[in-house]
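# Inside the fold
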Amino acid sequence: MMSGSTILFYLLAALTLTCGLLSVITRQIFRAAIYLLFALIGIAGLYFWLQYEFIAAVQIVVYVGGIIVLIIFSIFLTQQTGEKLAVQRSGRKIFSALAVFCGFALTMLQVYQHEFKTAAETPLVPTVKNIGNKMLDVNNTGYALPFEAVSMLLLAALVGCIVIALRSKPETNTK
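Throughout what follows, the structure given in this document is the object of discussion.

Rules used in this analysis
Residues numbered from 1 in each chain as written. Predicted model: local features only at pLDDT ≥ 70, side-chain atom pairs only at ≥ 80, totals over all residues. Heavy atoms only, no water. Helix = DSSP H or I, 4+ residues; strand = E, 2+ residues; numbered from the N terminus. Polar contact = N/O pair within 3.5 Å; in protein donor to acceptor, adjacent residues only side chain to side chain. Buried < 20%, exposed > 50% of the residue type's maximum accessible area, 1.4 Å probe, protein only. Contact = heavy atoms within 4.5 Å. 1 Å grid on protein atoms, 1.4 Å probe; cavity = no way out; pocket = protein on both sides within 12 Å on 5 of 7 lines; lining within 4 Å. Points joined across faces, edges and corners; volume = space filled by probe spheres on them. Nonpolar A, V, L, I, M, F, W, Y, C, P; charged D, E, K, R; others polar. Axes fitted to C-alpha atoms, helices over the stretch in contact; angles between N-to-C directions. Parallel < 35°, antiparallel > 145°, perpendicular 65-115°, else oblique. Left-handed = near helix turned anticlockwise from the far one by under 90°. Core = buried A, V, L, I, M, F, W, Y, C linked by side-chain atoms within 4.5 Å.

### Digging into the environment of Gln28
- Mapped onto the secondary structure, Gln28 falls in the loop between helix 1 (4–25) and helix 2 (29–49).
- Sequence separation between Gln28 and Ala86 is 58 residues; the distance between their C-alpha atoms is 9.4 Å.
- Within polar-contact distance, the side chain of Gln28 engages the side chain of Arg31 at 2.9 Å.

### Considering the side chain of Thr16
- Mapped onto the fold, Thr16 is located in helix 1.
- Looking at Thr16, the relative accessible area reads 14%, which means it is buried.
- Among all residues touching Thr16, those that are not within four sequence positions of it are Ala39, Gly42, Ile43 and Leu46.

### Here's the deal with the layout of surface pockets
- Its boundaries defined by the atoms lining it, the second largest pocket holds a volume of some 400 Å³.
- Residue lining of the second largest pocket: 11 residues in total, with Val24, Ile25, Gln88, Lys93 and Ser96 positioned closest to the centre.
- For the lining of the second largest pocket, the secondary structure elements donating two or more residues are helix 1 and helix 4 (90–113).
- Of all the elements, helix 4 adds the most residues to the lining of the second largest pocket, at 3 residues.
- In terms of residue class, the lining of the second largest pocket is built from 5 nonpolar, 3 polar and 3 charged.

### Concerning the packing of helix 1 against helix 2
- Orientation of helix 1 relative to helix 2, taken along the N-to-C sense of each, is 155°, at an axis distance of 8 Å. Classified by the angle their axes make, helix 1 and helix 2 are roughly antiparallel. With respect to the hand of their crossing, helix 1 and helix 2 are arranged in left-handed fashion. Each of Ser5, Leu8, Phe9, Leu12, Ala13, Leu15, Thr16, Cys19, Gly20, Leu22 and Ser23 in helix 1 lies in contact with helix 2, whose residues at this interface are Ala32, Tyr35, Leu36, Phe38, Ala39, Gly42, Ile43, Gly45, Leu46 and Trp49.

### What to know about the nonpolar core
- Residues Ala33, Leu37, Leu40, Val62, Tyr63, Val64, Ile67, Ile68, Ile72, Ile75 and Ala157 constitute the largest nonpolar core, which totals 11 residues.
- Looking at this core, the elements that each hand over two or more residues are helix 2 and helix 3 (53–78).
- With 7 residues, the single largest contributor to this core is helix 3.

In structure tokens, the structure reads:
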């Protein structure tokens, strides 16, 4: 018999995976953004389930509140909310599948090569002060590099949204 915590985990995981898959395979751009929104909310729910409230709050503020709002804003600026995306060529689909496989293989290689800490070591209490010290620490135990990577991701999302918003509408012949 499964506990309530296990059922909650499976529900959050199913929400995240289903919405993530739907955001990739749908051809309507606004629906893709909404599916991505729910996938990111599912990830925040998993952080809450793991009792990392600060990281969950950052997930909601940065990704749900920042990136998704920028994406939806740029979709509305293009005035193409009901338009369907073009069907991609099979070469692009094969390249995308190959890129996903390579990313997955690289991730699994890193996981298997990483030496995880043993349970004998005392874990760090997830307080705001400890998380802040870890995020700004430039040593091997710090997270300054991932913190900067997230800031670059936000900058790339902002530039991408501006590019989408500035794209000219296709001209129609009214003759």
